[in-house]
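Here's the letter readout for the chains.
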Amino acid sequence: MQIYPVESVDQNNDTIAAISTPSGIGGIGIIRISGNKSYSILNKIFVNNKKEHIYIDNERMVFHGWIIDTNSEFIDEVLCFYMKAPRSYTGEDMVEIQCHGGNISCKQILSITIQQGCRLAEKGEFIYRAYQNKKVTLDKVEATLQLINADNNIEYFSAVDVMSGKYAKFIENIFINVADYTMNIRLYPDNFLEKNNIIQMIINEINMELKKYDDICYLRNGYTIPIVGKTNVGKSQLFNLLIGEEKAIVCDESGTTRDPVETKIYDLNYNIQYKLIDTAGITQSVSKAEKLAIKKTKELIRNSPMVIFLTNHLELDNIEKDIIKLSQNHMGVSFKKEVAEKHVYQFVSKNNLNTIEYLKNKIALIIEQQMNSYQTSIIINERQRKGFVKLNKSLTHLLNNNIPNIALKDCKHTINIINDIKTIENIQDVTKQFCVGK
Ligand SMILES: Nc1nc2c(ncn2[C@@H]2O[C@H](COP(=O)(O)OP(=O)(O)OP(=O)(O)O)[C@@H](O)[C@H]2O)c(=O)[nH]1
Ligand SMILES: [Mg+2]
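Residues numbered from 1 in each chain as written. Chains lettered and ligands numbered in written order. Predicted model: local features only at pLDDT ≥ 70, side-chain atom pairs only at ≥ 80, totals over all residues. Heavy atoms only, no water.

Draft legend 1. The arrangement of the coordination of the magnesium ion (ligand 2) in detail. Distances from the magnesium ion (ligand 2) to its protein donors, Ser236 (OG) and Thr257 (OG1), fall within 2.0 to 2.1 Å. Taken together, the residues Ser236 in helix α8 (residues 235-243) and Thr257 in the loop between α8 and β9 (261-267) connect sequence positions 21 residues apart. In this pair, the class of Ser236 matches that of Thr257, namely buried. (Donors = N, O, S within 2.8 Å, 3.2 Å for Na, K, Ca; no water. Helix = DSSP H or I, 4+ residues; strand = E, 2+ residues; numbered from the N terminus. Buried < 20%, exposed > 50% of the residue type's maximum accessible area, 1.4 Å probe, protein only.)

As structure tokens, then:
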């Protein structure tokens, strides 16, 4: 393997090169070059089939020819184009070489560009340069990262929405409305209620986007379904029946399960997967360990899109009612027929495995329906989510504040944080997550 020295000291002034297409057998491969030596390097290595140099006199036009090495040997037949700064992806002079795919051609051409003075690009360096040259904003950098890494349609199309400018438009509208609100409050203080409605509408819209983002997180992290209820109702028993093995400890002592026990379930009929979790039962806790276990269960209830609520009681007590209240959605299940009938819950029995199969199908069906109802969100990562949560606090403050000037300043500040205003280190935190060649 050849190791090339990095000639330039000023990293940002280097002309960088990388293979932008994945390795392996494929129709075409693309080598990207960016920096002020791009054009001259291309002219040195690009020839026609008589090995005469092709001088690209027209930028943004595709040229056909050959790449040669330093001994003037043919390397591959290619298409090339040159984009002059600032009208390129990075905002610098750029060249793209489309060669044949496969394991050799791209690497050969890359090493020739490096022999001619390029430096191997670092991860995400092209997009980093694009950001530095104000060709992309932070939200678009983050959206590009999500688009490349997406493995479901909702994540993918959310990223497309942000890239197409929906996120920027959303923030711009908030900013205009907040500014408008403050001006109107001063000019027409009598119409206070009407003005408040606008801010309330924005708060509601942000809440809707936050909810959609939570849904996307469920998809990303895997759908979790905890089995919850009071202690000793048979949660661990039900868990074992659903997964088809004796994984969780079943015992007639109250408070047997402490740490959550989980198993991934793949439902091939519905083509979905989810994580089933056996949890510590909820009770009037006495010991410190029990209290901690119950705290964990409550977190799971709160953060899961659906829980299986197990009870064997004809009358639900306050603990059980609180579990239901805490959950986003619950599916009631009982080992007792009369209890199931009374609450219109799902009846299950270890002596009748059809009831277990039926429950499994019902869970899969609900997950499938919920997934189909998910919508794209303009909030696509934690940084943005935190910003919008903070913004909603500022907006609520604005609603309740008699001196809107201070609250408005606070809102503007939060919008700025969401929108960009970041340090060099922070943007590199994002761009370094890209592959080399992006
Ligand atoms: N009669 C009867 N007993 C059951 C049934 N399911 C569970 N049990 C019994 O109920 C007791 C508690 O079962 P577990 O599955 O450990 O209950 P749990 O809800 O996980 O309890 P904790 O982990 O303490 O919260 C055990 O003695 C089981 O044998 C059932 O269908 N019928
Ligand atoms: Mg248990």
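Back to the text.
Draft legend 2. Spotlight on the packing of helix α6 (residues 166-187) against helix α13 (residues 382-400). Where α6 meets α13, the axes come as close as 13 Å, and the angle between the chain directions of the two elements is 15°. When the axis of α6 is compared with that of α13, the two are roughly parallel. Where α6 crosses over α13, the handedness of that crossing is left-handed. Here Tyr167, Phe170, Ile171, Ile174, Val178 and Tyr181 of α6 lie close against α13, whose contacting residues are Arg383, Gln384, Phe388, Leu391, Leu395, Leu398 and Leu399. By residue class, the composition of the contact of α6 with α13 is 11 nonpolar, one polar and one charged. (Axes fitted to C-alpha atoms, helices over the stretch in contact; angles between N-to-C directions. Parallel < 35°, antiparallel > 145°, perpendicular 65-115°, else oblique. Left-handed = near helix turned anticlockwise from the far one by under 90°. Contact = heavy atoms within 4.5 Å. Nonpolar A, V, L, I, M, F, W, Y, C, P; charged D, E, K, R; others polar.)

Draft legend 3. Broad picture of the sheet that holds strand β1 (residues 16-19). An order of β3-β4-β5-β6-β2-β1-β7 is seen for the seven strands of this open sheet, with the pairing classed as mixed. Looking along the sheet, the strands with just one partner apiece sit at the ends: β3 (46-47) and β7 (119-120). Sheet topology note: the β1/strand β2 (residues 28-34) ladder contains four bridges and is antiparallel. Paired with Ile19 across the strands is Ile31, a residue of β2. With respect to the sheet, helix α1 (residues 38-45) is in contact with β2, β3, β4 (63-68), β5 (74-83) and β6 (94-100), its orientation differing from that of β6 by roughly 35°. Against the sheet, helix α3 (residues 125-132) engages β1, β2, β6 and β7, with an angle of about 135° to β1. (Pairing = 2+ DSSP bridges.)

Draft legend 4. Quick look at the domain arrangement of the protein chain. The assigned domain composition of the protein chain is domain 1 (11-136), domain 2 (141-216 + 381-419) and domain 3 (222-373). Computed over C-alpha atoms, the centres of domain 2 and domain 3 are 36 Å apart. (Domains from an automatic or database assignment.)

Draft legend 5. Spatial organisation of unusual backbone geometry. Note the cis peptide between Ala85 and Pro86, where omega equals 5°. The residue Lys51 is not glycine, and still its phi comes out positive at about 65°.

Draft legend 6. Representation of the environment of Tyr218. By secondary structure assignment, the location of Tyr218 is in helix α7 (residues 192-221). Taking the C-alpha atoms as reference points, Tyr218 and Pro305, separated by 87 residues in sequence, lie 7.7 Å from one another. Filtering out sequence-adjacent residues up to four positions away, Tyr218 remains in contact with Tyr223, Asn303, Ser304, Pro305, Gln328 and Tyr374.

Draft legend 7. Fine view of the site of ligand 1. For ligand 1, the set of nearby residues contains 17 residues, the closest of which are Lys235, Ser236, Gly255, Thr256 and Thr257. In the environment of ligand 1, an oxygen atom lies 2.8 Å from a nitrogen or oxygen atom belonging to the side chain of Lys235. Contact between ligand 1 and Gln237: an oxygen atom at 2.9 Å from a main-chain N or O atom of the residue. Bound to the protein, ligand 1 loses 74% of the 650 Å² it would expose on its own. When grouped by side-chain class, the residues that make up the shell around ligand 1 number four nonpolar, 10 polar and three charged. (Near = heavy atom within 4 Å. Polar contact = N/O pair within 3.5 Å; in protein donor to acceptor, adjacent residues only side chain to side chain. Areas by Shrake-Rupley, 256 points an atom, 1.4 Å probe, with all protein chains shown as cover.)

Draft legend 8. Examining the environment of Ala121 more closely. Among the structural elements, Ala121 can be located in the loop between β7 and α3. Assessed through its relative accessible area of 6%, Ala121 is described here as buried. On a C-alpha basis, the gap between Ala121 and Asp259 in space is 46 Å, while along the polypeptide they are 138 residues apart. Aside from chain neighbours lying at most four places away, what touches Ala121 is Ile16, Ala17, Ala18, Phe126 and Val436.

Draft legend 9. Quick peek at the pattern of salt bridges. A complete count under the given rule lists 16 salt bridges for this structure. Between Arg119 and Glu125 there is a salt bridge, and its shortest N-O distance comes to 2.7 Å. Note on accessibility: Arg119 and Glu125 belong to one class, buried. Put simply, Asp259 and Lys296 hold a salt bridge, and the shortest N to O gap is 3.7 Å. One end of the pair, Asp259, is in the loop between α8 and β9; the other, Lys296, is in helix α9 (residues 288-303), with 37 residues separating them in the sequence. Assessed through its relative accessible area of 53%, Asp259 is described here as exposed. (Salt bridge = Lys/Arg side-chain N within 4 Å of Asp/Glu carboxyl O.)

Draft legend 10. A look at the packing of α8 against helix α12 (residues 353-373). Look at α8 against α12: their axes get within 10 Å of each other, and the N-to-C directions meet at 80°. In terms of axis orientation, α8 runs roughly perpendicular to α12. Two secondary-structure elements touch here, α8 through Leu238, Leu241 and Leu242 and α12 through Leu353, Ile356, Leu359 and Lys360. Residue classes in the contact of α8 with α12 are distributed as six nonpolar, no polar and one charged.

Draft legend 11. Molecular detail of the nonpolar core. By size, the foremost hydrophobic cluster in this structure holds 30 residues, and its most contacted members are Ile225, Leu238, Tyr274, Leu276, Ile308 and Ile363. For this core, the secondary structure elements donating two or more residues are α7, β8 (223-229), α8, β10 (272-278), β11 (307-310), β12 (330-334) and α12. Ignoring sequence-local partners within four residues, the contact set of Tyr274 consists of Tyr223, Ile225, Thr263, Lys264, Ile265, Ile363 and Ile367. In terms of nonpolar packing, the next biggest core, distinct from the first, is built from 27 residues, Tyr213, Cys217, Ile379 and Phe388 among them. (Core = buried A, V, L, I, M, F, W, Y, C linked by side-chain atoms within 4.5 Å.)

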